[in-house]
Amino acid sequence: DFEEHEFIFTLVPSPEFPIHLMVVNVTDITVTSIERIIGKIFNDTRVLKSVQPEVTFVSVTTVPDYRELDNMLNLDNIKYIKIVATRKNPDDAGFADDLFDKSLQLLHARRGSLEFTAEDKSGLQLDETTKKLAKNAACDGFVEIKGKDQEANNVDFSTKKKPLVV
């Protein structure tokens, strides 16, 4: 989408999401491209050392449209879900109960993923833990969901394609 938009790169302050806020107004550039550019700026070693010497990597992720994510997580017939999380930045608050992030830290991993595919036509039965993992991962990673809506139309959703636009 190459129209002018303001994209939010993190959100303030909710128990589920980080405390940093960056709004970028862009024209003629994709969300993924601007995310990459901002990541390169913040991960330049000169910038990292000048801001916080103990930080070795800064994760930059576009904030998804949470309403869309909630709708997709509550579809009746989810055939596939992929949850990809990048380790939170060290100064992010509100993630004390994020099991995915704790695992990434313990494993010294920068990124991890979970993928589930339905075994039959009835679809996946997402529990609250899986939904919570998806919501937390959407902020510092992404979530992809494939399935069918109530009218039996195919749905192909990705938080990468649905940024929160202000």
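> Could you clarify how one ought to interpret the overall build of the protein in this entry?
If you tally the helices and strands in the protein, you get five helices and six strands. The order of α-helices and β-strands along the protein, N terminus first, is β-β-α-α-α-β-α-β-α-β-β. Scored against the burial criterion, the 166 residues of the protein give a buried share of 42%. Taking as baseline every contact in the protein between residues at least 6 positions apart, the subset at least 24 positions apart corresponds to 65%. Within the structure as shown, the protein displays about 9,900 Å² of accessible surface, and the carbon and sulfur contribution to it stands at 52%.

> Whenever I open this one, the nonpolar core confuses me. Can you help?
Soluble, globular proteins show a tendency: their nonpolar side chains are buried together. Counting residues in each nonpolar core, the largest one holds 22 residues, and the members touching the most others are Leu73, Ile81, Val143 and Ile145. Those elements that place two or more of their residues in this core are helix 3 (66–73), strand 3 (77–86), helix 4 (99–107), helix 5 (128–139), strand 5 (141–148) and strand 6 (154–158). Beyond its immediate stretch of four places on either side in the chain, isoleucine 145 contacts Met72, Leu73, Leu75, Ile78, Tyr80, Ile81, Val155, Asp156 and Phe157.

> What exactly am I supposed to notice about unusual backbone geometry here?
Trans peptide bonds make up most of the peptide bonds, and negative phi angles are found at most residues other than glycine. With a phi angle near 55°, histidine 108 is a residue other than glycine that sits in the positive phi range. Inspection of the secondary structure puts histidine 108 in the loop between helix 4 and strand 4 (111–117). Its relative accessible area of 70% is what places histidine 108 among the exposed residues. In this structure, alanine 152 is a non-glycine residue whose phi angle is positive, near 65°.

> Explain the confidence of the model for the protein here, please?
Any region with low pLDDT has predicted coordinates that should not be read closely. Model confidence for the protein is summarised by a mean pLDDT of 76, while 66% of its residues fall at 70 or above. Segment residues 9–19: pLDDT under 50, and 41 contacts once partners within four positions in sequence are set aside and those in other chains are kept.

> Teacher, can you tell me more about the pattern of salt bridges here?
Working definition: two side chains of opposite charge can pair if their charged atoms are close together. Scanning the model with the defined rule gives two salt bridges in all. Linking aspartate 70 and lysine 135 is a salt bridge whose minimum nitrogen-to-oxygen distance equals 3.2 Å. In this pair, aspartate 70 sits in helix 3 while lysine 135 sits in helix 5, placing the two residues 65 residues apart along the sequence. Using a relative accessible area of 26% as the deciding quantity, one classes lysine 135 as partly exposed. A salt bridge links glutamate 128 to lysine 131; the nearest nitrogen and oxygen atoms lie 3.8 Å apart. Here glutamate 128 pairs with lysine 131, and both are found in helix 5, just three residues apart, close to one helical turn. When its relative accessible area of 13% is taken as the criterion, lysine 131 is described as buried.

> Can you walk me through the environment of aspartate 70 in this structure?
Using a relative accessible area of 30% as the deciding quantity, one classes aspartate 70 as partly exposed. Each C-alpha atom of the pair aspartate 70 and lysine 135 lies 8.3 Å from the other, and the pair is 65 residues apart in sequence.

> Before we go on, may I ask you to explain the packing of aromatic side chains in this structure?
A full pass over the atoms with the stated rule returns zero aromatic pairs. Between lysine 160 and the ring centre of phenylalanine 142, over which it is positioned, the NZ or CZ distance is 4.1 Å.

> Explanation requested: the sheet that holds strand 3 in the structure shown.
Across the sheet, which stays open at both edges, the four strands sit in the order 4-3-5-6 with antiparallel pairing between neighbours. Strands with a single pairing partner mark the edges of an open sheet, and in this sheet they are strand 4 and strand 6. With strand direction ignored, the average angle separating the axes of adjacent strands in the sheet is 5°. Inspection of the sheet shows strand 5 paired to strand 6 by five bridges, in the antiparallel sense. Looking at strand 6, one finds that isoleucine 145 is bridged to phenylalanine 157. Sitting on the sheet, helix 5 is in contact with strand 3, strand 4 and strand 5, with an inclination near 130° to strand 5.

What counts, and at which threshold
- Residues numbered from 1 in each chain as written.
- Predicted model: local features only at pLDDT ≥ 70, side-chain atom pairs only at ≥ 80, totals over all residues.
- Heavy atoms only, no water.
- Helix = DSSP H or I, 4+ residues; strand = E, 2+ residues; numbered from the N terminus.
- Buried < 20%, exposed > 50% of the residue type's maximum accessible area, 1.4 Å probe, protein only.
- Contact = heavy atoms within 4.5 Å.
- Areas by Shrake-Rupley, 256 points an atom, 1.4 Å probe, with all protein chains shown as cover.
- Core = buried A, V, L, I, M, F, W, Y, C linked by side-chain atoms within 4.5 Å.
- pLDDT = per-residue confidence, 0-100.
- Salt bridge = Lys/Arg side-chain N within 4 Å of Asp/Glu carboxyl O.
- Phe/Tyr/Trp six-rings, centres within 6.5 Å; stacked < 30°, edge-to-face > 60°.
- Lys NZ or Arg CZ within 6 Å of the ring centre and 35° of its normal.
- Pairing = 2+ DSSP bridges.
- Axes fitted to C-alpha atoms, helices over the stretch in contact; angles between N-to-C directions.

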